[in-house]
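Chain by chain, the residues run as shown.
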Amino acid sequence: MSKPFNILRKKMSPAAQSAATKKTNQMLKEMPLQELRQAHHMSQQRLAEVLSTKQANVSRMERRTDMYISTLRSYIEAMGGELDIVARFPDGEVHINQFEDIDGKDSNQAAI
């Protein structure tokens, strides 16, 4: 018989609870497009309507491992988000702004 997670969590040591919380927060920061869409409570059909495409195209997009930045930006914006391209180096981060003017975007908006 399954038990509610809250009961199981109370039985965990404070260190284990802390580790689980950290892992959960990390997992929420990294997810594939399909999970991101689901986390925003949006169906493929609804996203397709916002993007003016077919549901099958959204499904294909979610399975791709390589796509145009403009396609990814459109997908993210359809959910109300904003795409930012960041390069991370040992001495800091750089936000890449080369893609800001794609589709006539204002150059003061976040990098795409």
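Structure: above.
Residues numbered from 1 in each chain as written. Predicted model: local features only at pLDDT ≥ 70, side-chain atom pairs only at ≥ 80, totals over all residues. Heavy atoms only, no water.

**Student:** Could you give me a rundown of the nonpolar core, with the residues and numbers involved?
**Tutor:** In terms of nonpolar packing, the biggest core is built from 12 residues, these being Leu 33, Met 42, Leu 47, Ala 48, Val 58, Met 61, Met 67, Tyr 75, Ile 76, Ala 78, Met 79 and Leu 83. Of all the elements in the fold, those that place two or more residues in this core are helix H4 (44-51), helix H5 (55-63) and helix H6 (69-78). Considering every element that reaches this core, the biggest residue donor is H6, with three residues. Those residues in contact with Ala 48, other than ones at most four positions away along the chain, are Thr 53, Lys 54, Gln 55 and Val 58. (Core = buried A, V, L, I, M, F, W, Y, C linked by side-chain atoms within 4.5 Å. Buried < 20%, exposed > 50% of the residue type's maximum accessible area, 1.4 Å probe, protein only. Helix = DSSP H or I, 4+ residues; strand = E, 2+ residues; numbered from the N terminus. Contact = heavy atoms within 4.5 Å.)

**Student:** I'd like to hear about the packing of H4 against H6, residue by residue, with values.
**Tutor:** Packing of H4 against H6 leaves a shortest axis separation of 9 Å and a crossing angle of 115°. Classified by the angle between their axes, H4 and H6 sit roughly perpendicular to one another. In this structure, H4 meets H6 at a crossing whose hand is right-handed. On the side of H4, the interface is formed by Leu 47, Val 50 and Leu 51, while H6 contributes Ser 74, Tyr 75 and Ala 78. (Axes fitted to C-alpha atoms, helices over the stretch in contact; angles between N-to-C directions. Parallel < 35°, antiparallel > 145°, perpendicular 65-115°, else oblique. Left-handed = near helix turned anticlockwise from the far one by under 90°.)

**Student:** Which residues make up the environment of Ile 69, and what are the values?
**Tutor:** Tracing the sequence through the fold places Ile 69 in helix H6. The class of Ile 69 is partly exposed, set by a relative accessible area of 25%. In this structure, the C-alpha to C-alpha distance between Ile 69 and Phe 99, residues 30 residues apart in sequence, is 8.0 Å.

**Student:** Now, about the pairing of strand E1 (residues 86-89): what can you tell me, with residues and values included?
**Tutor:** Pairing between E1 and strand E2 (residues 92-95): four bridges, direction antiparallel. The residue bridging Arg 88 from the neighbouring strand is Glu 93, located in E2. (Pairing = 2+ DSSP bridges.)

**Student:** Could you give an account of unusual backbone geometry, naming the residues involved and the relevant values?
**Tutor:** Here the phi dihedral of His 41 falls at roughly 55°; this positive angle occurs in a residue that is not glycine. Among the structural elements, His 41 can be located in the loop between helix H3 (33-39) and H4. Phi at Ser 52 is positive, roughly 55°, even though this residue is not glycine.

**Student:** Report on the side chain of Arg 37, specifying residues and quantitative values.
**Tutor:** One can find Arg 37 in helix H3. Ignoring any residue separated from it by four or fewer positions in sequence, one finds Arg 37 in contact with Met 42, Ser 43, Gln 44, Leu 47, Glu 62, Tyr 75 and Met 79.

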